[in-house]
Amino acid sequence: MGWLVTAIKKYFQLDELNTTVRREILAGFTTFISMAYILFVNPSVLGASGMNKGAVFTATALASALGCLLMGVLAKYPIATAPALGINAFFAYSVVIGMKVSWQTALAGVFVASLIFMLITVFKLREMIIDAIPSDLKYAISSGIGLFIAFLGLSNGGLIVANKSTLVGLGSFSGTTWLTVFGLLVTAILMVKHVPGGIFIGMVLSVILGLITKLIPLPSHWIAGAPSLAPTFGVGIMHIGDINTIQLWVVVLTFLLVTFFDTAGTLVGLAQQAGFMKDNKMSRVGKALMSDSTAMLAGSILGTSPVGAYVESSAGIAVGGRSGLTAVVTGVFFILGMFFSPLLSVVTNQVTAPALIIVGVLMAQSLKHIDWGKMEIAIPAFLIVIGMPLTYSISDGIALGFITYPLTMLAAKRGKEVHPLMYALFFVFLGFMWILNIE
């Protein structure tokens, strides 16, 4: 086994990244349990459109695993992928239920969007756009994602709830919410004391407390067979001919744009967190983009909504994950997750919520790098940061800032400093906002 460990350390450059195999495995597992909910949430959301939930469960696991393995082995980044939240709701509720498009045709739309996604990745358009984003806005994206996932954690844990009078309000401190409170306090103490793996330890202690107090039910069995893919496999390809109206091409374009900027924003934010950004550029970004593009294409064939990079990867990065081995481990756990789904039920939203909140704190530290003294920078950066949690969308937050940035720079007579692609994105996002508001 010694030779295998040596080969792994050499391939993933663990010594150069100042990390270890043990730490990378812990980080990969932490990332997995932070995002394992997608195995259950995605079938529930897409099931509303009429899709077979069992098939979607298996498709979700396989597409996520493929993306993670590609991201780890090819791009060597500790970034995991899975079907994106938000765009799956758009698929089910807006396209299928709202527009009365069949789920088979909607899946064909995802497949076509995936092909276009691959093309713009091959021609390095996505890479060029990421490089064109100024460093201040990259830091804003990272911080905005931090606030967004902290908001997700507060909401999932029951600390923040919907309120008719004030939109949001403080939740009721009862039942499972106490698991969130316990996990948050324990994890905060461990982080302050610089205990290695503090986030993961906090999760384990929360699960133990939940089982002891019976706030988390003990699974009745541990192993279950993976459901068949037959109801969804290849359906998207067989219905490509259905994409024959302007309305359906708008759907394809929306799938493409939301996935493009959600993933780009997430990659930039996570790269900032992990320290991979050098001279405002992300090395190996082309391989990272090709990895998630391939996973999106495979997901559309297997039978799931668009796949993209996951913000929960920040939990693994926070416990020390720095190499592609982290993503590989996450991918392996997604494969195993198909057969141990009952065991995953003990990792509830209240268990993962404290991790997301603490990671939000870590990512918000990027705020200190933004030039707040110049309003032409501060205004678009602030709109990105505040826009993500308040619109519940990474891409919407980016849109607010990218539309504002060229205008404020022109007003400050610094228009020549704006990259031409940022001017192009100004018009792209205006069109994007218009598309999203089409009734």
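Residues numbered from 1 in each chain as written. Predicted model: local features only at pLDDT ≥ 70, side-chain atom pairs only at ≥ 80, totals over all residues. Heavy atoms only, no water.

As named in an unreviewed UniProt entry, the protein is NCS2 family permease, taken from Loigolactobacillus binensis. One UniProt comment on the protein, placed under Subcellular location (unreviewed entry), says "Cell membrane". You can read under Sequence similarities (unreviewed entry) in the UniProt record for the protein the words "Belongs to the nucleobase:cation symporter-2 (NCS2) (TC 2.A.40) family. Azg-like subfamily." (UniProt positions renumbered as here; feature names shortened; annotations may be inferred.)

(A) Summary view of the overall build of the protein. Within the protein, the regular secondary structure consists of 20 helices and six strands. Taking 439 residues into account, the globule formula puts the C-alpha radius of gyration at 22 Å, and the protein, at 21 Å, falls close to it. Structurally, the protein occupies a C-alpha span of about 60 × 60 × 50 Å along its principal axes. Pairs at least 24 residues apart make up 80% of the contacts formed inside the protein by residues separated by at least 6 positions. Carbon and sulfur atoms make up 69% of the accessible area of the protein, which amounts to about 18300 Å² in all. Of note, the protein has its 23 positive side-chain charges centred 7 Å away from the centre of its 16 negative side-chain charges. (Helix = DSSP H or I, 4+ residues; strand = E, 2+ residues; numbered from the N terminus. Rg over C-alpha atoms; globule rule 2.2 N^0.38 Å. Contact = heavy atoms within 4.5 Å. Areas by Shrake-Rupley, 256 points an atom, 1.4 Å probe, with all protein chains shown as cover. Lys, Arg positive; Asp, Glu negative; His and termini not counted. Charge placed at Lys NZ, Arg CZ, Asp CG, Glu CD.)

(B) View of unusual backbone geometry. Not every positive phi belongs to a glycine, and asparagine 18 is a case in point at roughly 60°. When you line up the elements, asparagine 18 lands in the loop between helix H1 (2–11) and helix H2 (21–35). The phi angle at lysine 214 is positive, at roughly 65°, despite the residue not being glycine. Residue placement: lysine 214 occurs in the loop between helix H10 (198–213) and helix H11 (235–238). A relative accessible area of 71% places lysine 214 in the exposed class. (Buried < 20%, exposed > 50% of the residue type's maximum accessible area, 1.4 Å probe, protein only.)

(C) Seen up close, a nonpolar patch on the surface. Residues Leu211, Leu218, Trp222, Ile223, Val332, Ile335, Leu336, Phe339 and Phe340 make up a contiguous nonpolar surface patch of roughly 800 Å² in combined accessible area. With respect to the element layout, leucine 211 can be found in helix H10. A residue is classified by how much of its surface remains accessible, and leucine 211, at 32% relative accessible area, is partly exposed. (Patch = residues over 30% accessible without salt bridge, like charges linked within 9 Å, V, L, I, M, F, W, Y side chains within 5 Å. Salt bridge = Lys/Arg side-chain N within 4 Å of Asp/Glu carboxyl O.)

(D) Structural view of the nonpolar core. Formed by 119 residues in total, the largest nonpolar core has its most connected members in Phe91, Phe255, Phe402 and Phe429. Counting residues per element, this core draws most heavily on helix H12 (residues 246–274), which supplies 15 residues. Those residues in contact with phenylalanine 91 that lie beyond four places of it in its chain are Leu46, Ser49, Met51, Val96, Trp103, Ala106, Leu107, Val110, Phe255 and Ser305. (Core = buried A, V, L, I, M, F, W, Y, C linked by side-chain atoms within 4.5 Å.)

(E) Summary view of the environment of glycine 171. Summarising the element assignment, glycine 171 is placed in the loop between strand E3 (167–170) and helix H9 (177–192). Taking the relative accessible area as the measure of exposure, glycine 171 reaches 10% and is therefore buried. In sequence terms glycine 171 and valine 161 are 10 residues apart; their C-alpha atoms lie 5.2 Å from each other. Once residues lying within four places of it in the same chain are set aside, the contact partners of glycine 171 are Gly158, Leu159, Ile160 and Val161.

(F) Broad picture of the pattern of salt bridges. Applying the stated criterion across every chain yields a total of four salt bridges. Salt-bridge contacts for lysine 374 lead to aspartate 371; the nearest nitrogen and oxygen are separated by 3.2 Å. The partner of glutamate 417 in a salt bridge is arginine 414, with the nearest N and O atoms 2.8 Å apart. Through salt bridges with shared partners, a single ionic network connects Glu376, Arg414 and Glu417.

(G) Seen up close, the packing of helix H3 (residues 38–47) against helix H4 (residues 53–75). Between H3 and H4, the least distance of the axes is 8 Å, while the angle of their chain directions is 135°. Accordingly, the angle class assigned to the pair H3 and H4 is oblique. H3 and H4 meet at a crossing whose hand is right-handed. Residues Ile38, Leu39, Phe40, Asn42, Pro43, Ser44, Leu46 and Gly47 of H3 form the contact with H4, whose participating residues are Lys53, Val56, Phe57, Thr60 and Ala61. Partitioning the contact of H3 with H4 into residue classes produces eight nonpolar, four polar and one charged. (Axes fitted to C-alpha atoms, helices over the stretch in contact; angles between N-to-C directions. Parallel < 35°, antiparallel > 145°, perpendicular 65-115°, else oblique. Left-handed = near helix turned anticlockwise from the far one by under 90°. Nonpolar A, V, L, I, M, F, W, Y, C, P; charged D, E, K, R; others polar.)

(H) Expanded view of helix H18 (residues 375–391). The end-to-end C-alpha distance of H18 is 23 Å, a good match for the 24 Å that 17 residues give at a rise of 1.5 Å each. Within H18, the full set of buried residues consists of Glu376, Ile377, Ala378, Pro380, Ala381, Ile384, Val385, Gly387, Met388 and Pro389. Lining the buried residues of H18 we find helix H8 (135–156) and helix H19 (394–411). Tyrosine 392 occupies a position one or two residues after H18 and carries a positive phi of about 60°. (Expected span 1.5 Å × (residues − 1).)

(I) Fine view of the pairing of E3. Sheet topology note: the strand E2 (residues 160–163)/E3 ladder contains four bridges and is antiparallel. Looking at E3, one finds that alanine 162 is bridged to valine 168. Between the end of E2 and the start of E3, which pair antiparallel, lie three residues. (Pairing = 2+ DSSP bridges.)

(J) Quick look at the side chain of lysine 138. With respect to the secondary-structure elements, lysine 138 resides in helix H8. Buried charged residue lysine 138 carries no salt bridge. Nearest counter-charge: aspartate 131, at 5.3 Å.

(K) Structural context of the side chain of threonine 30. Mapped onto the secondary structure, threonine 30 falls in helix H2. If sequence neighbours within four positions are ignored, threonine 30 has contacts with Ile199, Phe200, Ala315, Gly316 and Val319.

(L) Representation of the confidence of the model for the protein. Mean pLDDT over the protein works out to 87, with 97% of the residues at or above the 70 mark. By mean pLDDT, the top-scoring element of the protein is helix H15 (residues 324–337) (95), and the lowest-scoring one is helix H16 (residues 341–344) (68). (pLDDT = per-residue confidence, 0-100.)

(M) Broad picture of the packing of H8 against helix H17 (residues 349–364). It is the contact of H8 with H17, at a shortest axis distance of 7 Å, that shows an interaxial angle of 155°. Relative to H17, the element H8 is oriented roughly antiparallel. Relative to H17, the crossing made by H8 is left-handed. Between H8, through Ser142, Ser143, Ile145, Gly146, Ile149, Ala150, Leu152, Gly153, Leu154 and Asn156, and H17, the contact on the second element is made entirely by Asn349, Gln350, Ala353, Leu356, Ile357, Val359, Gly360, Met363 and Ala364. For the contact of H8 with H17, the residue count by class is 11 nonpolar, eight polar and no charged.

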